[in-house]
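One letter stands for each residue in the lines below.
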Amino acid sequence: MPVTRAEKNVTITHGSSSATIYFFGATLTSWIVDGREMIFVSSKALLDGSKAVRGGIPLVFPHFGTVETSRLPQHGFARNSVWELGPVTETAEETTVALSLTPGQVPFALATLWPKKFQATYSVTLNGRDGKLRTSLQVTNTDSEPWEFTALLHTYFATPDVRTTGVQGLTGFPFTDKVAGGLRVEAETRDRVTIAGEVDRIYHGVKSEEVVIDAEGKNLVSIRTNLPDIVVWNIWTKAKDMADMGDEDYKHYICVEAGSVSKFITLKPQESWEGHQILASL
Ligand code: TA6
């Protein structure tokens, strides 16, 4: 499987599948299966490291959203740091690229706001046989004190039209509706969550075998994950207020984000945690 290293990113190719990951943020910006781009990147996204990428799979760590007890900006610093390319592992069927992050690589102004020692490794595996993509974040506490965190894989999926897009697999799960000011709803009643306006929800403790995104009557992609929470987000027409999103771009993405964000995870010294998702194009 060819691996092409460029100045700012690395691309893995196998048959008709490929994936590109930027070192800035370890943000995966492209996953192509049989000529179809599965991942959305905004038409105004900045890929020069001056801002987290608007699209792709930004990594959220050490916390999701804003946290009252933290001075870190929304979604932490992993997506704003330059990760180091580590080993590339190849088997007959799969290629894995690993990227790593330690505090010394985090922009100083952000690192001082969360002065803990950690080792993070992000592994992206492309299966050349079935085109599946696995993205896995592993975090180890290398400090002498316990610390706590949340984490999420903030995946922007490409869709032909978000107004025809649905998310299946969330039925019955409780959710927090951020658009409704944090309203907690006991159970999702729909078999298919659709988008007809701004949506920003955290589905808690999702135990679906898989979550499936469809559009225009066809299934697009499935997500399997060991992570407990699923965030569904589309900014809708507020896209025009975002500097790095084209006015009409909201029609072409849906964020379905696997994470562990409902409660903080505590890691003791030398303990590790791993969260992943396996994406399959349908
Ligand atoms: O994951 C959903 C969310 O937390 C939304 O609330 C929305 O703000 C989005 O992420 C994008 O956040 P960003 O910091 O990238 O503008």
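Residues numbered from 1 in each chain as written. Predicted model: local features only at pLDDT ≥ 70, side-chain atom pairs only at ≥ 80, totals over all residues. Heavy atoms only, no water.

## Notes on the overall build of the protein chain
Here is step 1 of the chain: The helix and strand tally for the protein chain stands at 1 helix and 22 strands.
Here is step 2 of the chain: Taken over the C-alpha trace, the protein chain has a radius of gyration of 18 Å; the compact-globule value for 282 residues is 19 Å, and the two agree within 12%.
Here is step 3 of the chain: Sequence separation of 24 or more characterises 65% of the internal contacts of the protein chain that already satisfy a separation of 6 or more.
Here is step 4 of the chain: Computed over 27 positive and 33 negative side-chain charges, the separation of the two mean positions in the protein chain equals 2 Å. (Helix = DSSP H or I, 4+ residues; strand = E, 2+ residues; numbered from the N terminus. Rg over C-alpha atoms; globule rule 2.2 N^0.38 Å. Contact = heavy atoms within 4.5 Å. Lys, Arg positive; Asp, Glu negative; His and termini not counted. Charge placed at Lys NZ, Arg CZ, Asp CG, Glu CD.)

## Looking at the environment of Glu198
Here is step 1 of the chain: You can see Glu198 is positioned in the loop between strand E16 (192-194) and strand E17 (199-203).
Here is step 2 of the chain: Given a relative accessible area of 27%, Glu198 falls into the partly exposed group.
Here is step 3 of the chain: Residues in contact with Glu198, not counting those within four places in the same chain, are Val179, Asn234, Ile235, Trp236 and Lys238. (Buried < 20%, exposed > 50% of the residue type's maximum accessible area, 1.4 Å probe, protein only.)

## A few points about the sheet that holds strand E5 (residues 36-37)
Remark on secondary structure: sheet strands pair via backbone hydrogen bonds, oriented parallel or antiparallel.
Here is step 1 of the chain: A sheet is described by the order of its strands in space; here 5 strands give the open sequence E1-E2-E3-E4-E5, paired in antiparallel fashion. Each edge of the open sheet carries a strand with a single partner, namely strand E1 (3-5) and E5.
Here is step 2 of the chain: Examined bridge by bridge, strand E2 (residues 9-14) and strand E3 (residues 17-22) share 6 bridges and lie antiparallel to one another. Directly across from His14, in E3, lies its bridge partner Ser17. (Pairing = 2+ DSSP bridges.)

## Describing the packing of aromatic side chains
Here is step 1 of the chain: Overall, the coordinates contain 19 aromatic pairs when judged by the stated rule.
Here is step 2 of the chain: Both rings, one in Phe149 and one in Trp273, keep their centres 5.2 Å apart while their planes meet at 80°; by these two values the pair is edge-to-face. Here Phe149 is found in strand E11 (residues 147-153), whereas its partner Trp273 is found in strand E22 (residues 272-281), with 124 residues between them in sequence. Trp273 shares its class with Phe149; the two are buried.
Here is step 3 of the chain: Taken together, the ring pairs connect Phe61, Phe77, Trp114, Phe118, Trp147, Phe149 and Trp273 into an aromatic cluster. (Phe/Tyr/Trp six-rings, centres within 6.5 Å; stacked < 30°, edge-to-face > 60°.)

## Quick word on the pairing of strand E20 (residues 229-234)
Here is step 1 of the chain: Taken across its 6 residues, E20 has 6 buried, putting it largely inside the fold.
Here is step 2 of the chain: What you see with E20 is no split at all: Asp229, Val231 and Trp233 on one side and Ile230, Val232 and Asn234 on the other are buried throughout.
Here is step 3 of the chain: Sheet topology note: the E17/E20 ladder contains 5 bridges and is antiparallel. Note that in E20 the partner of Ile202 across the bridge is Val231.

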